[in-house]
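Read off the chains here:
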Amino acid sequence: MKNQVKIEELIKPFKKEIIVSSDKSLSIRCILLSSIAAGTSKIFNLLESDDVLNALKAIKKIGVNYKKKKYYTEIHGVGINGFNIKKNTVIDAGNSGTLARTILGLCSATKKKIKLIGDRSLSKRDFSRVIKPLNLFGVNIKSKRGKLPLELTGSDLLRPIRYIEDKGSAQIKTCIILSAINTPGITIIKSKKSRTHSEVMLKNLNYPIKIIKNKNYELIEVKGLAQFKSFEYKVPGDISSASFFIVLTLLSKKSRLLIKDVNINPSRTGIIKILNKMNANIKIINKKNYKGEVIGDIKIKSTKNFKSINCPSNLNTAAIDEFLLIFLIAAKSEGISSFKNLEELNKKESPRLDLSIKFLRMIGIKVIRKKNDIKIYGNPELELHGNYRIKNFLKDHRIFMMSTIAALTLNGTWVISDKDSIKTSFPNFLNILKKLGAKIN
Ligand code: S3P
């Protein structure tokens with residue numbers, strides 16, 4: 001059968017150095033911000049994945065040209081509110097929640113109607129979270145129950161807003177920041193901590209944005225209509241992609257891995273903090289600053305004796321895309337691990353909280369759930385012998401990749417469907433695994 005992989009063997013010990021795909025969050029932000037910059041931006045190392053390709057197609061639809069050169073992608077920015085939107089414009093965000101939610105903010109001042117659509121998974125996700133603040137700016141959005149497809153009609157009479165973002169969602173925060181750029185006056189966002197790439201990039205472009213950090217919140221002030229110049233950017237590796245290899249190495253015997261040039265912005269390194277509390281051997285070396293982001297190499301060694309964790313929920317947002325992998329380590333730990341307030345996990349490309357529990361129970365791990373809190377009863381001796389079939393997980397790329405890592409480290413015979421899902425974020429995933437010696441059919 002096409003579009004599935006079969007794994008019947010553990011990966012053999014390896015000692016290697018790799019690089020992983022470029023950061024998806026930064027790639028999408030580079031595209032959106034360069035579309036409204038004045039002049040031509042050059043983006044090196046842009047992630048080549050479906051989500052990013054859809055972002056390029058989306059800016060093309062609103063009148064921004066780009067060109068793929070040998071070493072970089074050139075984006076011809078049209079300036080703030082400079083889009084040229086034709087009648088009946090339809091933007092297809094595919095599988096990408098980030099693109100879909102942030103492009104609405106980018107287009108908040110466009111008076112021509114834009115229809116936004118997405119794939120089956122994206123059409124199940126919540127858009128009321130961005131419709132609400134956009135309505136306050138004066139943007140008109142038509143949708144059924146806050147879902148895609150939706151129609152946006154922007155306004156040239158936008159008003160600045162004050163908004164409390166309390167989900168810890170960088171997608172909502174970025175949507176508001178982009179709309180604030182289109183709006184005269186000062187927009188103020190009190191935002192529960194989430195990844196900081198949008199603010200960091202804008203600060204670096206000398207955009208008038210102020211950030212005051214508190215323990216759990218950030219206060220962000222954005223001055224509208226301040227034109228900024230085009231820029232150059234070299235996108236570093238994605239820690240969310242690196243995480244699959246971090247956990248592969250931790251759970252494999254006698255292995256070591258060095259992952260070079262990964263973005264280790266502290267708002268993204270929740271997985272390292274959590275796993276190191278569980279006794280994992282993960283170190284960061286060669287740290288450097290790049291345009292306000294932190295880049296480093298991640299050094300991982302196989303670990304025995306994982307300990308359970310009572311995971312502080314203020315680490316949730318910094319690890320939000322990595323919980324599937326963290327749960328796998330909890331399954332191999334001594335003791336009972338507990339994780340709380342995971343409601344956002346069910347709002348991803350698939351309901352990942354529900355599906356992780358289904359997955360863990362399938363491999364014989366006891367899980368107790370109370371609403372959005374779970375307890376995982378670890379088993380350090382966990383070794384699988386049965387046949388495992390991963391199918392109907394809404395083509396979620398991260399579930400496909402996590403299952404592959406489970407198969408290569410826990411044993412058993414696995415058939416895992418929806419191989420093509422990796423194209424959304426990490427097309428090179430299986431090739432890197434094969435280079436490390438994994439036998440995958
Ligand atoms: C992203 C933010 C996160 C994350 C997603 C990428 C971003 O979503 O899950 O994969 O680039 O801003 P939320 O902000 O909705 O939590």
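Since this is a predicted model, take the numbers as computed values, not measurements.

## Quick word on the sheet that holds strand 5 (residues 72-78)
Taking strand neighbours across the sheet as the criterion, the 4 strands line up as 4-5-3-14 in an open arrangement whose pairing is mixed. What marks the edges here is a single partner per strand, and that holds for strand 4 (65-68) and strand 14 (232-234). For this sheet, the mean inter-axis angle between neighbouring strands, taken without regard to orientation, is 15°. Across the sheet, helix 2 (residues 50-61) lies against strand 4 and strand 5, angled at about 140° from strand 4, the strand it touches most.

## Points about the packing of aromatic side chains
According to the stated counting rule, one finds 12 aromatic pairs in the structure shown. Seen in terms of ring centroids, Phe-323 and Phe-327 are 5.7 Å apart; in terms of plane orientation they differ by 40°. Their pairing is tilted. Pair noted here: Phe-323 and Phe-327 are both in helix 9 (residues 323-331), with a separation of 4 residues, about one helical turn. Summarising the burial analysis for this pair, Phe-323 and Phe-327 share the class buried. Every member of this aromatic cluster is reached through a ring pair, and the members are Phe-244, Phe-245, Phe-426 and Phe-429. The cationic tip of Arg-101 hangs over the ring face of Phe-127; the distance from NZ or CZ to the ring centre is 5.1 Å.

## Points about the domain arrangement of the chain
Under the domain assignment used here, the chain contains domain 1 (4-21 + 236-435) and domain 2 (24-226). When each unit is reduced to the centre of its C-alpha atoms, the spacing between domain 1 and domain 2 is 29 Å. Counting residues at the interface gives 25 residues for domain 1 and 25 residues for domain 2. For the pair domain 1 and domain 2, the number of links is 3 salt bridges. Of the residues belonging to the side of domain 1 that touches domain 2, the class tally is 4 nonpolar, 10 polar and 11 charged.

## Quick notes on the packing of helix 1 (residues 24-35) against helix 6 (residues 197-204)
Taken N-terminus to C-terminus, the directions of helix 1 and helix 6 make an angle of 45°; their axes are 10 Å apart at the nearest point. Relative to helix 6, helix 1 is oriented oblique. Note that helix 1 runs across helix 6; the crossing there is right-handed. Contacts between helix 1 and helix 6 involve Ser-25, Leu-26, Arg-29, Cys-30 and Leu-33 from the former and His-197, Ser-198, Met-201 and Leu-202 from the latter. For the contact of helix 1 with helix 6, the class distribution of residues is 5 nonpolar, 3 polar and 1 charged.

## Thoughts on the packing of helix 3 (residues 97-106) against helix 4 (residues 128-137)
As a packed pair, helix 3 and helix 4 sit with axes 10 Å apart at the nearest point and diverge in direction by 10°. One finds that helix 3 runs roughly parallel with respect to helix 4. Where helix 3 approaches helix 4, its residues Arg-101, Leu-104 and Gly-105 are matched on the opposing element by Arg-129, Val-130 and Leu-134. A per-class count over the contact of helix 3 with helix 4 returns 3 nonpolar, 1 polar and 2 charged.

## Points about unusual backbone geometry
Of note, the amide linkage connecting Leu-148 to Pro-149 takes the cis form, showing an omega dihedral of -5°. Position of Pro-149 among the secondary structure elements: in strand 9 (residues 147-153). With phi around 45°, Lys-254 is a residue other than glycine that occupies positive phi space. Here Lys-254 is to be found in the loop between helix 7 (239-251) and strand 15 (256-263). The residue Lys-395 is not glycine, and still its phi comes out positive at about 55°. On the secondary structure map, Lys-395 appears in the loop between strand 21 (387-390) and helix 11 (397-410).

What counts as what
Residues numbered from 1 in each chain as written. Predicted model: local features only at pLDDT ≥ 70, side-chain atom pairs only at ≥ 80, totals over all residues. Heavy atoms only, no water. Pairing = 2+ DSSP bridges. Helix = DSSP H or I, 4+ residues; strand = E, 2+ residues; numbered from the N terminus. Axes fitted to C-alpha atoms, helices over the stretch in contact; angles between N-to-C directions. Contact = heavy atoms within 4.5 Å. Phe/Tyr/Trp six-rings, centres within 6.5 Å; stacked < 30°, edge-to-face > 60°. Buried < 20%, exposed > 50% of the residue type's maximum accessible area, 1.4 Å probe, protein only. Lys NZ or Arg CZ within 6 Å of the ring centre and 35° of its normal. Domains from an automatic or database assignment. Salt bridge = Lys/Arg side-chain N within 4 Å of Asp/Glu carboxyl O. Nonpolar A, V, L, I, M, F, W, Y, C, P; charged D, E, K, R; others polar. Parallel < 35°, antiparallel > 145°, perpendicular 65-115°, else oblique. Left-handed = near helix turned anticlockwise from the far one by under 90°.

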